[in-house]
Amino acid sequence: MNKHPSPLWTHLTSENRMTGTWRSALPNYQNQPSPCLGACPVHGHIAEWIKQVKDGDVYGAWVTLTENNPFPAIAGRICHHPCESACNRQHMDETVGICSLERFVGDTALAEGWQFSAPPTQETSVAVIGGGPAGLSAAYQLRRRGFRVALYETKDELGGLMRFGIPAYRLARSVLDGEINRITAMGVDLHLGVPAVDGAALETLQNSHDAVFLATGASLPKRLPALDYANPWVVDSADFLAAPVSEQTDRTGARVIVIGGGSAAMDVARSARRLGRSVTVLALEPEGRLPAQRIEVEEAVEEGVNFVHGAMMKSAEALGSGVVLNCVRVDFEPGDAPGAFSVEPLDGSDFELMADTIIPAIGQDADLARWSGVLDAKGPVVATGRDWQTSKPGLYAGGDVASMNRFVTQAVGMGKEAATAIAAALTPGDARPPANGAAQVAYDRINIAYHDTHGRNRQRNTEIEARLATFDEVQQPLGPNEARSEAARCFSCGTCIYCDNCYFYCPDMAITKLENGYVVNSDYCKGCGLCVAECPTGSIHMREDTSS
Amino acid sequence: MEMTKYRDNGQFCSGHVACAGCAEALSMRVILNAVGEDTVGVVAPSCTAVILGGHPMSSAKIPVLHGTLESAAASASGVKRALKAQGRDDTTVLCLAGDGGTYDIGLQALSSAAERNEDILYVCFDNEGYMNTGGQKSSSTPHMATTGSTPLGKATHKKNLIEILAAHRIPYIATASPSHLSDLAAKVEKAKSIRGTKVIIVLIPCLPGWGVADNAAVKTARLAVEAGAFPLLEIEDGVHYSLTVAEKTRPIDAYLAEQKRYRRLSDEDRAALQSEVDDAWSRLLARAGKDLNA
Ligand SMILES: Cc1cc2nc3c(=O)[nH]c(=O)nc-3n(C[C@H](O)[C@H](O)[C@H](O)COP(=O)(O)OP(=O)(O)OC[C@H]3O[C@@H](n4cnc5c(N)ncnc54)[C@H](O)[C@@H]3O)c2cc1C
Ligand SMILES: Cc1ncc(C[n+]2csc(CCOP(=O)(O)OP(=O)(O)O)c2C)c(N)n1
Ligand code: SF4
Ligand code: SF4
Ligand code: SF4
Ligand SMILES: [Mg+2]
């Protein structure tokens, strides 16, 4: 029966014609990794959680985020954010402020008191040595999977360099405590203030646990041969940064010279400025080529830190109540390996600098001597193979002790990977999911017609004068509206946003909407690729089809 | 830009024989669904006739009368009057024709219908040439574009049908693009609610005719709109101009580069086409701004 107002004069519908036979390629829905995910050291599902922020589901975003990283508020402040350097949006206007969004999610979780849930503790137990980001990340991932975790730490407090290196004006201690306490609240057997674990203790721990994760960091400061550290006017940067403000004040004179051009040197210099010291940084590298991040250098300059670039100290000696540094200008040549370099002093370029205190900040080494004869080393770090397993079966290592990728989130990522491997090794029949081999979504796969140009929502810093008066945080967070607006800038590369564009643009009605996704009707799809071209997120691609 | 949204009640069926990736089929999908089932179609010989028909099969869920190339608007007028005589004045008569059947061969019939203000909704699928017959030029083919019959590029300009129609003072004229499907649907719905002659001209980048990639018709149409080469507008009563996309946001180069029919252009040619677009755009802005006869 024809219920149309006018009778149809044709009696057959074109649906009898299978135009699918024309096709040589078929669209394929496949969520693909975004470039930011590829660059993220913890492999966080950035496109997914940013979409949740955009939709106003901050709790959901926090849950997604913390699958891989229990420290969003910390990482949102101090991560070196390689994700942003990889972000596709930079090719349109500016990268998405991923880090600032991560902070927004992390801060919201702390303010709301959101907690992790942990399954009941199993009998299988893992010892974690070192309570820095690597050890804490592993402990977290293991507790999430129900393992018993015992954590051994020489210090009385957890956090490693996040507490005893990174200054409070970059990472408020309340934030650090909040995110660490949330992990220990999952039920971690804490052993704080223990004697440093050595080879013998390691043996014992291996016997009393099913697996061990070593995350002792790089605890030995590199030393300048030209400097006698016994002098009262030499203060090592690690000791200085770890000390409370009162002690920092006691140990420094009015004029401080910091030797080194990396992040630690910037942290020392800016801390000393907050003590009211006049501060000069002496660095081998020419201007603009310091290993510290550009923004750190800029903020140091804003805070009145002086820089002497392209020079080195040859010797230092007491002179009157102060110290004189004999310096020379150098030709700096970077080497092939990261951190490698050579310097050539320039004849006749000697000069002097006057100071009251010298703080060398030239890097930290892993304490390999402690493990010699127990664990194999590979160059400056403990040797690890696949899954971060050391030369001792059942003993895994990660973070600064096992890698020269010395960043907090790198350590978190290694802790996660080692924990995943440990969990798989201790769970019979637990096959690890195969890695998603799909290629990352390139910029040309994003249809930018659906994304309006909009500059980045920037975080602001407190006024310079106010900064120098305290160790309060410099960087101010995005407000909720700014965060939503920033999240809306994300292209959701490779992650379907169910916008229906593919459905609406098919000239052949060959795409059907399902409850949660779409299906291509191969009877009619002619393989034109319009659906793919009009996808704003790069979540479909054409795949060769030889079936018909 | 907003995401796409329009209603699809299944008025246009799969299995039609439009080329893979055809923007005319895509636009048809939107139009047939927007105009609804209480509609009778009248179609001139054109790609549309091929896409909709092939008796006894049809891809449209409305009855369609296939007329002659000269007479689409006249046939549509007749159908409307017959429906009226049956007391079915509310049934929409949707007349579909190509640019050849509109700018050239059917212009007399359209002009007469417009002058009588016949109550029809006339859609011109403007693919800028006689395309289902192999790609010959029409008076809608733009300056310098190559076709089978203008192998060195067309020497004269595209006929300004919009101004011709405006001179008829019909209640509604609009242009639309397959890159802006929600807008197309909205314009069809608006036209449907108006009594009298309504004309919507839809730009259709023809894949073989223009030398556009199978997946690029929508992109090409979008570039035309963004470059101001095909402005999206509405004209009410022949005098009230309003621009749907009020700004032109890019030079014409990317639009030209997408199409093989402009492959032979020199830098001077491109510059000349750019200034033609710029001039036309300023004239349009003046009209949209003036709105004198309000
Ligand atoms: C001044 C400074 C600033 C930095 N700023 C940043 C930054 O802004 N962003 C960034 O991403 N990275 C930064 N880093 C690097 C980052 O802090 C480290 O890469 C990261 O903390 C390494 O984590 P980890 O867990 O491997 O080691 P650590 O953080 O060093 O933690 C190791 C823990 O193990 C304990 N431990 C050591 N030996 C033993 C033992 N034998 N037995 C038991 N416990 C032991 C230590 O007390 C410590 O708590 C900075 C580093 C420094 C020095
Ligand atoms: C008077 C007349 N001349 C020629 C033809 C052959 N003919 C059928 S369709 C067509 C081309 C029409 O071009 P257009 O209206 O632009 O439609 P398109 O094919 O481009 O969709 C021609 C020339 C005809 N049907 N009637
Ligand atoms: S646009 Fe979004 S998903 Fe794409 S790379 Fe940037 S942050 Fe990641
Ligand atoms: S738009 Fe339709 S016909 Fe074209 S490839 Fe996609 S599903 Fe197939
Ligand atoms: S067009 Fe939209 S709905 Fe379709 S795959 Fe892409 S993001 Fe998902
Ligand atoms: Mg035509």
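Residues numbered from 1 in each chain as written. Chains lettered and ligands numbered in written order. Predicted model: local features only at pLDDT ≥ 70, side-chain atom pairs only at ≥ 80, totals over all residues. Heavy atoms only, no water.

1. A look at the pattern of salt bridges
Residues and elements named next belong to chain A.
Inference 1: The final tally for this structure, using the stated rule, is 53 salt bridges over all chains.
Inference 2: In this structure, the salt-bridge partner of lysine 51 is aspartate 55, at a minimum N-O distance of 2.6 Å.
Inference 3: Overall, the relative accessible area of 49% leaves aspartate 55 in the partly exposed class.
Inference 4: Across the pair glutamate 94 and arginine 458 runs a salt bridge, and its minimum N-O distance is 2.1 Å. Within this pair, whereas glutamate 94 is found in the loop between α5 (82–86) and α6 (98–112), its partner arginine 458 is found in the loop between α15 (408–426) and α16 (464–469), the two being separated by 364 residues in sequence.
Inference 5: Accessibility expressed as a relative area gives 27% for glutamate 94, which makes it partly exposed.
Inference 6: Counted as one network, the salt bridges with shared partners bring together Arg270, Arg274, Glu299, Glu302, Glu303 and Arg467. (Salt bridge = Lys/Arg side-chain N within 4 Å of Asp/Glu carboxyl O. Buried < 20%, exposed > 50% of the residue type's maximum accessible area, 1.4 Å probe, protein only. Helix = DSSP H or I, 4+ residues; strand = E, 2+ residues; numbered from the N terminus.)

2. Considering the domain arrangement of chain A
Residues and elements named next belong to chain A.
Inference 1: Under the domain assignment, chain A is made up of domain 1 (14–31 + 496–544), domain 2 (35–114 + 446–487), domain 3 (125–219 + 366–426) and domain 4 (222–363).
Inference 2: Using C-alpha coordinates to define each centre, domain 3 is positioned 30 Å away from domain 4.
Inference 3: Contact residues are listed per partner, giving six residues for domain 3 and nine residues for domain 4.
Inference 4: Each partner contributes to the roughly 630 Å² buried at the junction of domain 3 and domain 4, and carbon and sulfur atoms together form 49% of this total.
Inference 5: Contact with domain 4 buries area across many residues of domain 3, yet Phe164, Tyr169 and Arg170 alone supply 70% of it, more than any other trio.
Inference 6: Between the two partners, domain 3 and domain 4, sit one salt bridge. (Domains from an automatic or database assignment. Contact = heavy atoms within 4.5 Å. Buried area = accessible area lost by both parts, 1.4 Å probe.)

3. Description of the side chain of Arg261(B)
Residue and element names in this part refer to chain B.
Inference 1: Mapped onto the elements, arginine 261 comes out in the loop between α10 (253–257) and α11 (267–290).
Inference 2: One polar contact links arginine 261 to glutamate 128, side chain to side chain, over a distance of 2.7 Å.
Inference 3: The contact partners of arginine 261, leaving out residues within four places of it in the chain, are Glu128, Pro142, Met144, Ala145, Thr146, Gly209, Trp210 and Tyr255. (Polar contact = N/O pair within 3.5 Å; in protein donor to acceptor, adjacent residues only side chain to side chain.)

4. Details of the interface of chain B and chain A
Inference 1: Every contact between the two is made by 45 residues of chain B and, on the other side, 38 residues of chain A.
Inference 2: Summed over both partners, the interface of chain B with chain A comes to about 3700 Å²; 57% of that surface belongs to carbon and sulfur atoms.
Inference 3: Counting the contacts that link chain B with chain A gives one salt bridge.
Inference 4: Where chain B meets chain A, there are 19 residue pairs in polar contact (both at pLDDT 80 or more).
Inference 5: Counting residues per element, the ones that place at least two in the side of chain B that touches chain A are α1 (23–35), β2 (57–58), β3 (64–66) and α9 (217–227) of chain B.
Inference 6: Class assignment of the residues belonging to the side of chain B that touches chain A gives a composition of 23 nonpolar, 11 polar and 11 charged.
Inference 7: Bridging between strand β1 (residues 12–13) of chain A and β2(B) involves two bridges; their strand directions are parallel. (Nonpolar A, V, L, I, M, F, W, Y, C, P; charged D, E, K, R; others polar. Pairing = 2+ DSSP bridges.)

5. Brief notes about the UniProt feature "domain: Thiamine pyrophosphate enzyme TPP-binding" (unreviewed entry) in chain B
Inference 1: With numbering matched to this structure, UniProt assigns "domain: Thiamine pyrophosphate enzyme TPP-binding" (unreviewed entry) to residues 64–202 of chain B.
Inference 2: Counting secondary structure, residues 64–202 of chain B comes out at 33% helix and 19% strand; the distance between its end C-alpha atoms is 20 Å. (UniProt positions renumbered as here; feature names shortened; annotations may be inferred.)

6. A look at the sheet that holds strand β5 (residues 121–126) of chain B
Residues and elements named next belong to chain B.
Inference 1: Spatially, the eight strands line up as an open sheet ordered β3-β1-β4-β5-β7-β6-β8-β9, and their pairing is mixed. Edge positions in the sheet fall to β3 and β9 (240–243), since each has one partner strand and no second. When the angles between neighbouring strand axes are averaged without regard to direction, this sheet yields 15°. (Axes fitted to C-alpha atoms, helices over the stretch in contact; angles between N-to-C directions.)

7. Let's talk about the sheet that holds strand β14 (residues 357–360) of chain A
Residues and elements named next belong to chain A.
Inference 1: The sheet built from four strands is open, its strands ordered β10-β9-β8-β14 with parallel pairing. The open sheet is flanked by β10 (306–308) and β14, the only strands paired with a single partner. Neighbour-to-neighbour, the strand axes of the sheet open up by a mean angle of 25°, direction not taken into account.
Inference 2: Where strand β9 (residues 278–282) lies against β10, three bridges are found, and the strand directions are parallel.

8. Side note on the packing of helix α3 (residues 72–85) of chain B against helix α5 (residues 107–115) of chain B
All names here are of chain B.
Inference 1: Contact pair α3 / α5: the axes reach a minimum separation of 6 Å and the direction vectors enclose 40°. With respect to α5, the axis of α3 lies oblique. Each of Ala73, Ala74 and Ser77 in α3 lies in contact with α5, whose residues at this interface are Ala109, Leu110 and Ala113.
Inference 2: A breakdown of the residues in the contact of α3 with α5 according to their chemical character gives five nonpolar, one polar and no charged. (Parallel < 35°, antiparallel > 145°, perpendicular 65-115°, else oblique.)

9. A look at the packing of aromatic side chains
Residues and elements named next belong to chain A.
Inference 1: On inspection of all chains with the given rule, the structure shows 12 aromatic pairs over all chains.
Inference 2: Ring centres 4.9 Å apart and planes at 80° place the aromatic pair tyrosine 59 and tryptophan 114 in the edge-to-face group. Remark: tryptophan 114 occurs in the loop between α6 and β3 (125–129) and tyrosine 59 occurs in helix α3 (residues 58–66); sequence separation between them is 55 residues.
Inference 3: According to the relative accessible area criterion, tyrosine 59 is partly exposed, its value standing at 41%.
Inference 4: With a relative accessible area of 18%, tryptophan 114 lands in the buried category.
Inference 5: With 5.2 Å between their ring centres and 5° between their planes, tryptophan 62 and phenylalanine 116 make a pair best called stacked. Taken together, the residues tryptophan 62 in helix α3 and phenylalanine 116 in the loop between α6 and β3 connect sequence positions 54 residues apart. (Phe/Tyr/Trp six-rings, centres within 6.5 Å; stacked < 30°, edge-to-face > 60°.)

10. Looking at the site of ligand 3
Inference 1: Neighbouring ligand 3 are the residues Ser34(A), Pro35(A), Cys36(A), Ala47(A), Cys87(A), Asn88(A), Val96(A), Ile98(A), Cys490(A), Phe491(A) and Cys493(A).
Inference 2: Tallied by class, the residues present in the shell around ligand 3 amount to nine nonpolar, two polar and no charged. (Near = heavy atom within 4 Å.)

11. Overview of a negative patch on the surface
Residue and element names in this part refer to chain A.
Inference 1: Together, Asp331, Glu333, Glu344 and Asp347 give the surface a local cluster of negative charge.
Inference 2: Of all the secondary-structure elements, those providing two or more residues to the negative patch are β12 (322–334) and β13 (341–355).
Inference 3: Among the residues examined, aspartate 331 registers a relative accessible area of 43% and is labelled partly exposed. (Patch = residues over 30% accessible without salt bridge, like charges linked within 9 Å, V, L, I, M, F, W, Y side chains within 5 Å. Areas by Shrake-Rupley, 256 points an atom, 1.4 Å probe, with all protein chains shown as cover. Lys, Arg positive; Asp, Glu negative; His and termini not counted. Charge placed at Lys NZ, Arg CZ, Asp CG, Glu CD.)

12. Description of the coordination of the magnesium ion (ligand 6)
All names here are of chain B.
Inference 1: Those donors, Asp99 (OD), Asn127 (OD1) and Gly129 (O), are the protein atoms that reach the magnesium ion (ligand 6), and they lie 1.9 to 2.1 Å from it.
Inference 2: Of note, the magnesium ion (ligand 6) draws all its donor residues from one chain, in the sequence arrangement D-x27-N-x1-G. Here the residue aspartate 99 occupies a position in the loop between β4 (92–98) and α4 (100–104), and asparagine 127 occupies one in the loop between β5 and α6 (161–166), the gap between them amounting to 28 residues. Considered together, aspartate 99 and asparagine 127 belong to a single accessibility category, that of buried residues. (Donors = N, O, S within 2.8 Å, 3.2 Å for Na, K, Ca; no water.)

13. Considerations on the side chain of Ser27(B)
Residue and element names in this part refer to chain B.
Inference 1: Of note, serine 27 is situated in helix α1.
Inference 2: For serine 27, a relative accessible area of 0% puts it in the buried group.
Inference 3: Among residues more than four places away in sequence, those in contact with serine 27 are Phe125, Pro178, Leu184, Val202 and Ile204.

14. Considerations on the site of ligand 4
Inference 1: Taken together, 13 residues lie near ligand 4, and Cys506(A), Cys525(A), Cys528(A), Gly529(A) and Cys531(A) sit nearest.
Inference 2: Tallied by class, residues from the shell around ligand 4 come to nine nonpolar, two polar and two charged.

15. Some details on the environment of Glu296(A)
Residues and elements named next belong to chain A.
Inference 1: Its location among the elements puts glutamate 296 in helix α14 (residues 294–302).
Inference 2: Residue glutamate 296 is classed as buried on the basis of its relative accessible area, which comes to 8%.
Inference 3: Glutamate 296 sits 272 residues away from serine 24 along the chain, and the two C-alpha atoms are 54 Å apart.
Inference 4: Among residues more than four places away in sequence, those in contact with glutamate 296 are Arg170, Ser263, Met266, Asp267 and Arg270.

16. Brief notes about the nonpolar core
Inference 1: With 117 residues, the main nonpolar core has Leu52(B), Val123(B), Ile200(B), Ile201(B) and Val202(B) as its most contacted residues.
Inference 2: At nine residues, α1(B) tops the list of elements feeding residues into this core.
Inference 3: Residues contacting Ile200(B), with those up to four places away along its chain left out, are Leu121(B), Tyr122(B), Val123(B), Cys124(B), Tyr172(B), Ala174(B), Ala176(B), Lys187(B), Val188(B) and Ala191(B).
Inference 4: Core analysis: the second largest hydrophobic core is formed by 65 residues, Leu136(A), Tyr140(A), Ala419(A) and Ile422(A) among them. (Core = buried A, V, L, I, M, F, W, Y, C linked by side-chain atoms within 4.5 Å.)

17. A few points about the environment of Glu333(A)
Residue and element names in this part refer to chain A.
Inference 1: As for its position among the elements, glutamate 333 is in strand β12.
Inference 2: Residue glutamate 333 is classed as partly exposed on the basis of its relative accessible area of 47%.
Inference 3: Between the C-alpha atom of glutamate 333 and that of isoleucine 78, which follows or precedes it by 255 residues, the distance is 29 Å.
Inference 4: In contact with glutamate 333, other than residues within four places in its own chain, are Phe341 and Ser342.

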